[in-house]
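Below, each chain spelled out in residue letters.
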Amino acid sequence: MPNNIITIFNQKGGVGKTTTAINLAAYLAKSSKRVLLIDTDPQSNATSGLGVDISSLGTSVYEVLLDPKQFSGAIIETSTKNLYLLPAKHALSAAEVDLVNLPARETRLRTVLSETDYDYIIIDCPPALGLLTINALVAATSVLIPVQAEYYAMEGLGQLLSIVQRVRETINPNLELLGVLLTMYDGRNSLAEQVENELHKHLGAKLLETVIPRNVRLAEAPSFGRTIIEHDKWSKGARAYKQLAKEIIDRAS
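These remarks concern the structure in this document.

The rules we used
- Residues numbered from 1 in each chain as written.
- Predicted model: local features only at pLDDT ≥ 70, side-chain atom pairs only at ≥ 80, totals over all residues.
- Heavy atoms only, no water.
- 1 Å grid on protein atoms, 1.4 Å probe; cavity = no way out; pocket = protein on both sides within 12 Å on 5 of 7 lines; lining within 4 Å.
- Points joined across faces, edges and corners; volume = space filled by probe spheres on them.
- Helix = DSSP H or I, 4+ residues; strand = E, 2+ residues; numbered from the N terminus.
- Pairing = 2+ DSSP bridges.
- Contact = heavy atoms within 4.5 Å.
- Axes fitted to C-alpha atoms, helices over the stretch in contact; angles between N-to-C directions.
- Parallel < 35°, antiparallel > 145°, perpendicular 65-115°, else oblique.
- Left-handed = near helix turned anticlockwise from the far one by under 90°.
- Nonpolar A, V, L, I, M, F, W, Y, C, P; charged D, E, K, R; others polar.
- Salt bridge = Lys/Arg side-chain N within 4 Å of Asp/Glu carboxyl O.
- Buried < 20%, exposed > 50% of the residue type's maximum accessible area, 1.4 Å probe, protein only.
- Core = buried A, V, L, I, M, F, W, Y, C linked by side-chain atoms within 4.5 Å.
- Expected span 1.5 Å × (residues − 1).

## What to know about the layout of surface pockets
Here the largest pocket is characterised by a volume of approximately 260 Å³. Forming the boundary of the largest pocket are 17 residues, of which Gly14, Lys17, Thr18, Thr19 and Asn45 lie nearest the centre. Those elements giving two or more residues to the lining of the largest pocket turn out to be helix H1 (17-30) and helix H2 (45-48). In this structure, the second largest pocket encloses a volume near 170 Å³. Looking at the second largest pocket, it is lined by 13 residues, and the ones nearest its centre are Asn10, Lys12, Tyr152, Ala153 and Gly156. Of all elements in the fold, only strand E6 (142-148) and helix H8 (153-170) reach the threshold of two or more residues within the lining of the second largest pocket.

In structure tokens:
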């Protein structure tokens, strides 16, 4: 089983989960790591954000969860060297119902990944705590929590950390908190700075040093089906994700 399976988790939408999943995976791949990005969100944004036409997909993560033997046939090579994708299509929304009556329903993704040999596996979660997210947390060796630099960040964080703790105590004792990542940071906003200071006070070293800024180039890249490296590698957002990949590699080693 790979040592570095990172699930990107937050129950709140719009905090930069998918942007982080895509661009962290891309920069890890650029560091000569073999990387698999897994899209477990029925909205399929990580899939379309890498330029994959969802309507043309054959096998996806949905079929793989129901029948692990389909795993190798579902993997797609992306336009970024060393970066592979296990895509999602909208049919994945039925998985919550289909998995309920299956044996070992919470551990199916972990079973699928136990035979793989990627250097890093990045899992993008849906913004809800259902069976898909549970599978992603149970399969992971660590969890990365992106939080927006806003007033409610602290409030939701306690709940997220207790979910991680509960998964660790019940099904996945190996699950570690890799860190909390501050996203959509606007340095001109004094509230953003206050949130950063509060998080630092509560989390210490578990708050990642890298901060992801608000950046137009980052926001528009998925609409072109590109990573930020392909879209604008000199942008502030690109520099931040390059730094994040370096920090993750340092922490993992």
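## Points about the sheet that holds strand E2 (residues 35-39)
As summarised here, the arrangement of the eight strands in space is E3-E4-E2-E5-E1-E6-E7-E8, forming an open sheet in which the pairing is mixed. Only two strands of the sheet have a single neighbouring strand rather than two, namely strand E3 (76-77) and strand E8 (207-213). Bridge count between strand E1 (residues 5-8) and E6: three bridges; the pairing is parallel. Bridging from a neighbouring strand, Ile6 pairs with Ser142 of E6. Each of E6 and strand E7 (176-185) is contacted by H8, which is oriented at about 170 degrees to E6, the strand it contacts most. Against the sheet, helix H9 (residues 190-203) engages E6, E7 and E8, with an angle of about 170 degrees to E7.

## Considerations on the packing of H8 against H9
Close contact between H8 and H9 brings their axes to 11 Å; oriented N to C, the two are set at 30 degrees. Relative to H9, the element H8 lies roughly parallel. Crossing handedness for the pair H8 and H9: right-handed. For the pair formed by H8 and H9, the contact residues are Ala153, Met154, Leu157 and Leu161 on the first element and Val195, Glu198, Leu199, His202 and Leu203 on the second. Partitioning the contact of H8 with H9 into residue classes produces seven nonpolar, one polar and one charged.

## Considerations on the pattern of salt bridges
Summed over the entire model, instances satisfying the criterion amount to 11 salt bridges. Among the ionic pairs, Lys12 bridges to Glu150, the shortest N-O distance being 3.4 Å. In this pair, Lys12 is assigned in the loop between E1 and H1 and Glu150 in the loop between E6 and H8, connecting sequence segments 138 residues apart. Residue Lys12 is classed as partly exposed on the basis of its relative accessible area of 39%. We note a salt bridge from Glu198 to Lys201, for which the minimum N-O separation is 2.9 Å. On the criterion of helical spacing, the pair formed by Glu198 and Lys201 is a turn pair, its members being three residues apart in helix H9. Several salt bridges converge on common partners, so that one network encompasses Arg217, Glu220 and Asp232.

## Here's the deal with the nonpolar core
In terms of nonpolar packing, the biggest core is built from 51 residues, with Ile38, Leu113 and Ile123 touching the most fellow members. Counting 36 residues, the second-largest nonpolar core is a separate cluster that includes Ala29, Leu85, Tyr120 and Leu208.

## Things to note about the pairing of E1
Residues Ile5 and Thr7 line one face of E1 and the alternating positions Ile6 and Ile8 line the opposite face, and both faces are buried. Sheet analysis places E1 next to strand E5 (residues 120-124), joined by four bridges and oriented parallel. By the bridge assignment, Thr7 is partnered in E5 with Ile123.

## As for H1
End to end, H1 covers 20 Å across 14 residues, agreeing with the expected 20 Å (1.5 Å per residue, within 8%). For H1, the tally of buried residues reaches 12 of 14 residues, placing the bulk of the element in the interior. Here H1 has its buried residues at Lys17, Thr18, Thr20, Ala21, Ile22, Asn23, Leu24, Ala25, Ala26, Tyr27, Leu28 and Ala29. Just past H1, the residue Ser32 takes up positive phi, approximately 65 degrees.

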